[in-house]
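What the coordinates show
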Amino acid sequence: MPTQVEAKSSTTIGTVASMTGFAHASGEAEGIAWVWEVKSVNSKSLDVRFRLPPGMDALESPLRALITDRLKRGSVTVSLQLARLPGASGLRVNREALEKVLALGRELKLEHDMAPPSIDGLLAVKGVLESAEEELDAATRERREAALLAGCHPAVEALAATRRGEGQRLAVVLVDRLDEIEALVATAERSAAAQPDAARARLGNLVALLRDAVPGIAEERLAQEAALLVAKADVREEMDRLTAHIAAARELLAEGGAIGRRFDFLCQEFNREANTLCSKSADGDLTRIGLRLKASIEQLREQVQNIE
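Residues numbered from 1 in each chain as written. Predicted model: local features only at pLDDT ≥ 70, side-chain atom pairs only at ≥ 80, totals over all residues. Heavy atoms only, no water.

1. Focus on the nonpolar core
Operational definition: Residue types Ala, Val, Leu, Ile, Met, Phe, Trp, Tyr and Cys, when buried and joined through side-chain atoms within 4.5 Å, form a set referred to as a nonpolar core. Classification of residues uses two cut-offs on accessible area relative to the type maximum, computed with a 1.4 Å probe and protein chains only: under 20% is buried, over 50% is exposed, and between them is partly exposed. For helices the rule is a DSSP run of H or I covering at least 4 residues; for strands it is a run of E covering at least 2, with both sets numbered from the N terminus onward. Any two residues whose heavy atoms approach within 4.5 Å at even a single point are treated as in contact.
By size, the foremost hydrophobic cluster in this structure holds 33 residues, and its most contacted members are Ile181, Leu253, Phe263, Phe270, Leu293 and Leu300. At the level of elements, helix 4 (138-193), helix 7 (236-255), helix 8 (260-280) and helix 9 (284-304) are the ones that each hand at least two residues to this core. For this core, the element with the highest residue contribution is helix 4, accounting for 10 residues. In this structure Leu293 touches Ile181, Leu184, Val185, Leu242, Ala274 and Leu277, once residues within four positions along its chain are discounted. With 25 residues, the next largest nonpolar core counts Leu66, Leu148, Ala155 and Leu159 among its residues.

Here it is as structure tokens:
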């Protein structure tokens, strides 16, 4: 079951993860030492890239399956560094180079009566001792690949844990933004409650002026225009939708998991209603509240962009 915590406003928060993180793991086995590094950044989907040494292409498919099972979104880069353990390095003697050095040694001994070169002296000559390409049988290769895959598991698990930890911190910030938006919506509702009465009063004055200016204008037409203007100034529908969006956002946080895409879409809906509120407002106070609401929604969406 997902771990759940309580935010400041008693909003339940499920297991929410961010898309950013870094982890590494090291180990050694089968004559090699390795360091795995796994990092992720924001992305619209799950994009996995590998930076593996030559000859390690067979690891890509199982690694991709491992990451897909643990992560749902993010641009993930998996890097592997390999080194041979001391004593496991393949070395060989370049016989041709050694014969040339020995032949030169014999000539110098005859010409100058010099002592023959020592073994360590011969091996120290550049080109005599060189690295040998390791030739692995199928069984050894399989064991190494299995060890490397097992060694990558801790790095992927650590990355997932890091993302979850960051996600929980982000979720608390999201709740704070939702609380702020909810408070602004409540303030807007109080301000909007007086808007129809104010609109009617202004319309009454306009109607009186029109009667004086155009004595023949029909009363029915005046009533229709007045009703239309009052309806356009009514923002109760936008208030109701904003309240519903806040409830939906809290439900998403309680649900947890890969909620980033849906939360981002919900932020777009938040912004749509805030824009309509501002466009309908005929009152300076309500307009100022609407602008603050838009700013809070934008801050909410900026944080949501980091959620898996």
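2. Digging into helix 7
So the rule is basically this: In this analysis, the expected span of each helix is defined as 1.5 Å times one less than the number of residues it contains. In this context, the arc is that of the directions from the helix axis out to the C-beta atoms.
Given a rise of 1.5 Å per residue, 20 residues ought to cover 28 Å, and the 29 Å separating the end C-alpha atoms of helix 7 matches this to within 8%. Those residues of helix 7 lying buried are Glu238, Met239, Leu242, His245, Ile246, Ala249, Arg250, Leu252 and Leu253. When helix 7 is viewed along its axis, its buried side chains cluster within an angular range of 155 degrees and face the same direction. Exposed residues pointing more than 90 degrees away from the buried face of helix 7 are listed as Arg236, Asp240 and Glu251.

3. With respect to unusual backbone geometry
Phi is positive for Glu30, which is not a glycine, with a value near 55 degrees. By relative accessible area, which is 34% here, Glu30 ends up partly exposed.

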